[in-house]
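Secondary and tertiary structure notes
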Amino acid sequence: MTKTIESGIKMNKENILGIDVSTLDYDSLVNAINEKIKSNEKMKIIAVNPEKIIMAQKDSSLKELINSSTYQIPDGIGVVLASKLSKGNIQTRVTGIGMMEKLLELANKEEYNIFLYGAKEEVVKEAKEKISETYPDLKITGYINGYCKDNNKIIDEINKSNAQILFVALGSPRQELWIRENAERLNVNVFQGVGGSFDVFSGRVKRAPVIFQKTGLEWFYRLLSQPSRAKRQLALPRFLYEVIKNKTT
C-alpha cells in the first residue's frame, strides 16, 4: 500500500494572493517526484494559472483544494510575472502538458506503470497509441474514458493496472475534485489532472508553435485560435492588478 497522501509542503513554495505555488523547475520537480515514488509516497500535482487564482479568491473550497496539493505548478506566464513583481523565486513556467511529458519520460526511464483516465473513448485510445509510438518501452498498463459512470469500476481498473502514475483528463476543477475524493482508494503514487492534454497527445488538437511556448504566449495563440476564450483571458490583467495592489498595501 502507498503511504497516506500528503498535504502541500511549504518548502520551495511562495504564496501569491493566498495560493501556494511551487518554485521548482521541471528537473527539480521530476527528481523530487521520483524520490517520492521510490519511497512509495502519494502526491498530487495541480496546475495553477491566473484564472484559477482569481476564482479561488471567492471559492474557499477551490483555495483549499489547490493549497492541499503536493505540487502547485506555475502553469501561466502571469504567475511568473506575479512572482517577479513580488521579487519571488519562480523563474519559469511549468505547464500541465509539459509536466505530463516529463513524467512520461521519467516513467519510460524508470519503468513505471502509467494509467490514462478521461476524455472520449476515441481520444484516450488515440492518445495511448501516439504516446506508445513516442515511448516504445513505456508501460501504459490501462486506460478508461471519462464517460464511464461506474466509479467502482474505474477504481478497480486503475488498481489492477498497478500504475504508479495516473493522468486524469476530466477538465478543471472536476478532475482535481475526483482525485481528492478517490485518492485514498487508489494504489497510485502520482496524481495529475491534465485537462485537455489527451486531445493534444492524440493529435486532434495542435499545441501552440514552439515560439509561443518559449515566450509564454500560448494563451495568446489559444486566443487567436479560439476567440471565445476572450472573456477568460480578462482574468490576467485583473490578476496582475490584484498582485500589484496587494504588494503596495
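Here's what I pulled together on the structure shown here.

Rules used in this analysis
- Residues numbered from 1 in each chain as written.
- Predicted model: local features only at pLDDT ≥ 70, side-chain atom pairs only at ≥ 80, totals over all residues.
- Heavy atoms only, no water.
- Helix = DSSP H or I, 4+ residues; strand = E, 2+ residues; numbered from the N terminus.
- Expected span 1.5 Å × (residues − 1).
- Buried < 20%, exposed > 50% of the residue type's maximum accessible area, 1.4 Å probe, protein only.
- Contact = heavy atoms within 4.5 Å.
- Pairing = 2+ DSSP bridges.
- Core = buried A, V, L, I, M, F, W, Y, C linked by side-chain atoms within 4.5 Å.

1. Description of helix 1 (residues 26-38)
Over its 13 residues, helix 1 extends 18 Å from the first C-alpha to the last, a length consistent with the 18 Å expected when each residue adds 1.5 Å. Listed in full, the buried residues belonging to helix 1 are Tyr 26, Leu 29, Val 30, Ala 32, Ile 33, Asn 34, Lys 36 and Ile 37. The inward-facing, buried residues of helix 1 contact strand 2 (19-22), strand 3 (43-48), strand 4 (71-74), helix 5 (96-110), strand 7 (165-169) and strand 8 (190-193). Where helix 1 terminates, the next one or two residues include Asn 40, which has phi positive at roughly 60°.

2. With respect to the environment of Ile 90
For Ile 90, the position within the fold is in the loop between helix 4 (77-85) and helix 5. Sequence-wise, Ile 90 and Asn 12 are 78 residues apart; in three dimensions their C-alpha atoms are separated by 9.6 Å. Other than its neighbours up to four places away in sequence, Ile 90 contacts Glu 14, Ile 16, Val 21, Ser 22, Thr 23, Pro 74, Val 79, Val 80, Ser 83 and Lys 84.

3. Section: the pairing of strand 3
Across the six residues of strand 3, six count as buried, placing the element largely inside the fold. Of the two faces of strand 3, the one lined by Met 43, Ile 45 and Ala 47 and the one lined by Lys 44, Ile 46 and Val 48 are each fully buried. Where strand 3 and strand 8 come together, three bridges link them in parallel fashion. Of the residues in strand 8, the one forming a bridge with Met 43 is Val 190. For strand 3 and strand 4, the ladder comprises four bridges, and the chain directions are parallel. Its bridge partner lying in strand 4, Val 48 is registered against Pro 74.

4. A few points about the nonpolar core
Core analysis: the biggest nonpolar cluster contains 38 residues, and Met 99, Phe 167 and Phe 198 have the highest contact counts within it. Secondary-structure elements contributing two or more residues to this core are helix 1, strand 3, strand 4, helix 5, strand 5 (113-118), helix 6 (121-134), strand 7 and helix 9 (197-202). Counting residues per element, this core draws most heavily on helix 5, at seven residues. Once you skip the residues sitting within four places of it in the chain, Phe 198 turns out to touch Met 100, Leu 116, Tyr 117, Gly 118, Ala 119, Val 123, Val 124, Ala 127, Phe 167 and Ala 169.

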